[in-house]
Structure formats: C-alpha cells, structure tokens
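Structural overview
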Amino acid sequence: QVQLVESGGGLVQPGGSLRLSCAASGSIFSIGTMAWYRKTSGNQRELVASFNSSGNTNYADSVKGRFTISRDNAENTMYLQMNSLKPEDTAVYYCNSRLQTRNSGPWYLYWGQGTQVTVSA
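Cut-offs and rules
- Residues numbered from 1 in each chain as written.
- Predicted model: local features only at pLDDT ≥ 70, side-chain atom pairs only at ≥ 80, totals over all residues.
- Heavy atoms only, no water.
- Helix = DSSP H or I, 4+ residues; strand = E, 2+ residues; numbered from the N terminus.
- Buried < 20%, exposed > 50% of the residue type's maximum accessible area, 1.4 Å probe, protein only.
- Contact = heavy atoms within 4.5 Å.
- Areas by Shrake-Rupley, 256 points an atom, 1.4 Å probe, with all protein chains shown as cover.
- Lys, Arg positive; Asp, Glu negative; His and termini not counted.
- Charge placed at Lys NZ, Arg CZ, Asp CG, Glu CD.
- Pairing = 2+ DSSP bridges.

1. A few points about the overall build of the protein chain
Of the regular secondary structure elements, the protein chain holds 0 helices and 11 strands. What you see in the protein chain, going N to C, is helices and strands ordered as β-β-β-β-β-β-β-β-β-β-β. Overall, the C-alpha framework of the protein chain stretches about 50 × 25 × 25 Å when taken along its three principal axes. For the protein chain, the proportion of its 121 residues judged to be buried stands at 39%. For the protein chain, restricting intrachain contacts to residue pairs at least 6 apart in sequence, the fraction spanning at least 24 positions comes to 56%. Per element, the accessible surface of the protein chain, about 6,400 Å² overall, is 43% carbon and sulfur. One way to put it: in the protein chain the 10 positive side-chain charges average out to a point 6 Å from where the 7 negative ones average out.

Below, the structure is given as structure tokens:
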C-alpha cells in the first residue's frame, strides 16, 4: 500500500509564502517522476511543477521565478516552496508520483488527497 500525503496548505496574504510537502510512504521500491498539480474553483487542473525521471525540473510559466520544487530522496518527500503568492494561486494542490512497488515491477501513478491554498487579503 502506497500513500502520498500533502501538507502545508493554508491561508496567506498576497505576497506571502508557503511551503508544501508531499510525503510518499508504504511499499516503495523506486520513484520515477514526482509532480505538483493544482485545481482551481473552476475545476481546471494545471501542472505546477515537476521532476522527470532524470531529476530535471519543469515549471508552469505562471509560477516560474516564484515557486521552487525540491525533493529529499532519502525521505521520499517532495516540497514546493511558493513565494510572492497571488490570489490566482488559490487552488487545491495535489502531488503525484509514478513509482514501482517492487524490483522490475510496473510503474503506477499515485495521487495525494490535496491541500488547500488560499491567497487572500
């Protein structure tokens, strides 16, 4: 059983910062990709930032220069440092990861339950 659990969301004023965490636990053999997505009240899902299987990062244009993705491989944890937050960053933030649960096994995509980020004065 694999779980991804996000934390760190909350209410912040415009211009403020938050740091989200995504902890993967359970029977994990190898992690390939990890990513942050967000879903706004309009139900649009957007890729925010990601690591590919080589560890290279990718960011949505809307967050470049403000958000930073990082990971702690030893702890199977990914982070999203969000600075200079704007009201339009308000959304539920989800993490996902494509991983193996055993050697030479298939790659499965897992999602966390989401954490709410609200940017408002």
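2. Describing the pairing of strand 10 (residues 107–111)
Bridge analysis of strand 9 (residues 91–100) against strand 10 gives 5 bridges, and the strand direction is antiparallel. When the bridges of strand 10 are listed, Arg98 appears paired with Leu109.

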